[in-house]
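# Summary of structural features
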Amino acid sequence: MNKKFLNYLWILIYILMVFMPLVLLMILPKPDGREFLREVSVALGFLGMALLGLQTIPTSRLKFFTKAFPMDTIYTIHHGLSVFTFLVVLAHPILLFINNPETLRLLNLIDAPWRARAGVVAVLGMLLLVVTSVWRELMKVKYDIWRWIHDVLSFLAIGLALYHMFKVNHYMALTYQRVIWLVLTGIWLATILYIRVVKPIIMIKKPYKVVKVIKERGQSWSLYLKPDGHDGLEFEAGQFAWITTESPFIFRENPFSFSNSSDHEGNVIAFTIKELGDFTSKIGGFEEGKTVFVDGPYGTFSMDEHACKKMAFIAGGIGSAPVMSMLRTLADRKDKKETYFFYGNATWESIIFREELEALEKNLNLKLVHVLERPHEEWQGEKGFITADILGRYLPKDYQDFTYFLCGPLPMINAVEGALHTLHIPPGQVYSEQYEMA
Ligand SMILES: Cc1cc2nc3c(=O)[nH]c(=O)nc-3n(C[C@H](O)[C@H](O)[C@H](O)COP(=O)(O)OP(=O)(O)OC[C@H]3O[C@@H](n4cnc5c(N)ncnc54)[C@H](O)[C@@H]3O)c2cc1C
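Summary of the structure given here. Just so it is clear, the model here is predicted, and its values are computed rather than measured. (Residues numbered from 1 in each chain as written. Predicted model: local features only at pLDDT ≥ 70, side-chain atom pairs only at ≥ 80, totals over all residues. Heavy atoms only, no water.)

## Points about the sheet that holds strand S12 (residues 430–434)
- Strand order across the open sheet formed by six strands is S10-S9-S8-S7-S11-S12, with parallel pairing between neighbours. At either margin of the open sheet sits one strand with a lone partner, and together these are strand S10 (382–383) and S12.
- Across five bridges, strand S7 (residues 311–316) lies against strand S11 (residues 403–408) in parallel orientation. Within the sheet, the bridge partner assigned to Ile-314 lies in S11 and is Leu-406. (Pairing = 2+ DSSP bridges. Helix = DSSP H or I, 4+ residues; strand = E, 2+ residues; numbered from the N terminus.)

## Here we look at the site of the ligand
- Close contacts around the ligand come from 24 residues, with Glu-253, Asn-254, Pro-255, Lys-274 and Thr-280 the closest.
- If the ligand stood free it would expose 880 Å²; the protein chains cover 90% of that surface.
- Elements that contribute at least two residues to the shell around the ligand include exactly strand S3 (240–244), strand S4 (254–257), strand S5 (269–274) and S12.
- The biggest single contributor to the shell around the ligand is S4, with four residues.
- Partitioning the shell around the ligand into residue classes produces 12 nonpolar, six polar and six charged. (Near = heavy atom within 4 Å. Areas by Shrake-Rupley, 256 points an atom, 1.4 Å probe, with all protein chains shown as cover. Nonpolar A, V, L, I, M, F, W, Y, C, P; charged D, E, K, R; others polar.)

## Points about unusual backbone geometry
- Residues Gly-296 and Pro-297 are joined by a peptide bond in cis, for which omega reads 0°.
- Along the chain, Pro-297 turns up in strand S6 (residues 291–298).
- Positive phi is not limited to glycine here, since Lys-334 has a value of about 55°.
- The topology assignment puts Lys-334 in the loop between helix H8 (320–333) and strand S8 (339–345).
- The phi angle at His-424 is positive, at roughly 60°, despite the residue not being glycine.
- In this structure, His-424 sits in the loop between helix H11 (410–422) and S12.
- Using a relative accessible area of 60% as the deciding quantity, one classes His-424 as exposed. (Buried < 20%, exposed > 50% of the residue type's maximum accessible area, 1.4 Å probe, protein only.)

## Considering the nonpolar core
- Counting 42 residues, the largest nonpolar core has Phe-46, Met-49, Trp-181 and Trp-188 as its most contacted members.
- For this core, the secondary structure elements donating two or more residues are helix H1 (3–27), helix H2 (36–54), helix H4 (71–99), helix H5 (114–134), helix H6 (143–168), helix H7 (175–205) and S3.
- Counting residues domain by domain, this core receives three or more from each of domain 1 (3–203) and domain 2 (208–298).
- Once residues lying within four places of it in the same chain are set aside, the contact partners of Met-49 are Ile-158, Ala-161, Leu-162, Met-165, Trp-181 and Trp-188.
- Formed by 27 residues, the second largest nonpolar core is a distinct cluster that contains Ala-237, Val-323, Leu-357 and Leu-360. (Core = buried A, V, L, I, M, F, W, Y, C linked by side-chain atoms within 4.5 Å. Domains from an automatic or database assignment. Contact = heavy atoms within 4.5 Å.)

## As for the packing of aromatic side chains
- All chains considered together, the criterion is met by 18 aromatic pairs.
- Geometrically, the ring pair formed by Tyr-143 and Trp-146 is tilted, given 5.6 Å between the ring centres and 50° between the ring planes. Of this pair, Tyr-143 and Trp-146 both sit in helix H6, three residues apart, which is roughly one turn of the helix.
- Residue classification places Tyr-143 among the partly exposed residues on the basis of a relative accessible area of 30%. (Phe/Tyr/Trp six-rings, centres within 6.5 Å; stacked < 30°, edge-to-face > 60°.)

No statement about biological role is implied by the geometric values presented.
What follows is the structure in structure tokens.
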């Protein structure tokens, strides 16, 4: 099926699932004598509930979804929609209070009925969810701990909001009205069950063993894994997987791009990982035979996903891992497609894959441009960050026909996207993989 059509189809299904319950509940038998503001408040409550429950789906790594949209787009939408959902939910009690200030007494958790208590705690839970997610780094909350907070608060908010809705019982008294919400709740629960129970079981049944760990430049390591008792997985060069050495039920996995060729012989997979924090600093100490669990492949950041006649890769530091996978794949395929690689690093010594890239430049139709932030004195090449000027100096005249792949930290992606915009590259020819998701 055409990819664009599939994207629109998913967006349509999503919109239907958000608005359908509201429409069905409110057009059919309507209680008399309700004030307008109260009706709007109830409508926003239903809308908020549908949005809240559906937030479980995009980030659940369901293959049909991750094939349609890039993972970072999914997370960006998830972040934006979460704040929007909170505002919609918050508007529900505010309108109720404006309509009838006496209802303010429902905020008193000591005297209020359980249905109101559940509603108030659900909104507070959502507030905490938004605050800890948006300002996690500022609040110095570690990623692992934040994930637990996020999951507990999400379950709490959804569960309490559902309890509140069923107990308040407005537009919920008829069987079909209850069935709509029960079906929706079933879909949300099935999604949670899949990601939290089924997925970890699949991962445990298909473990991998470390075959070697190689020290690379730039404080990074290449980790080679072999499937243990199964055929392994097939990936497209440029995609990534989530890996963990703990039980997959603990949900402490980290995402890494495959760095080996997708067309290599055998079923070994490789990742190249920069030491950065708790998990990544342990890679160098992994011993041969250690068990690793892998969930993947994911992502649409791949030359095989898009029709690319000529390509330009732009990466910073460890962002070269998926680029390396694509270049190694081109080498295995003996593909002499015109290719450029603009590679930004702090210093000459920290350039990961430096020697292999030089060899690939000779074997492929590849032009390699190093850009150094802190070059040594004799450095004759490009300095600073990757800018429109630097790109313009090396790219050929027909650079607008190229497909661009950007990979690295968010500030770098934003800067390079700006540079490509200056060069009038159509956004549809630019694909990016951000190394920050949450
Ligand atoms: C799609 C994708 C592909 C990536 N590919 C590579 C790669 O090939 N090589 C590489 O070295 N790095 C890659 N990264 C970055 C890598 O996932 C993080 O550097 C790593 O997870 C940090 O873990 P830590 O426990 O060592 O560091 P911590 O100190 O715990 O975390 C440092 C920062 O890394 C981020 N982070 C930590 N855990 C996660 C997680 N589970 N999910 C998302 N972000 C997290 C957080 O923003 C955190 O602030 C990729 C990231 C993404 C999103």
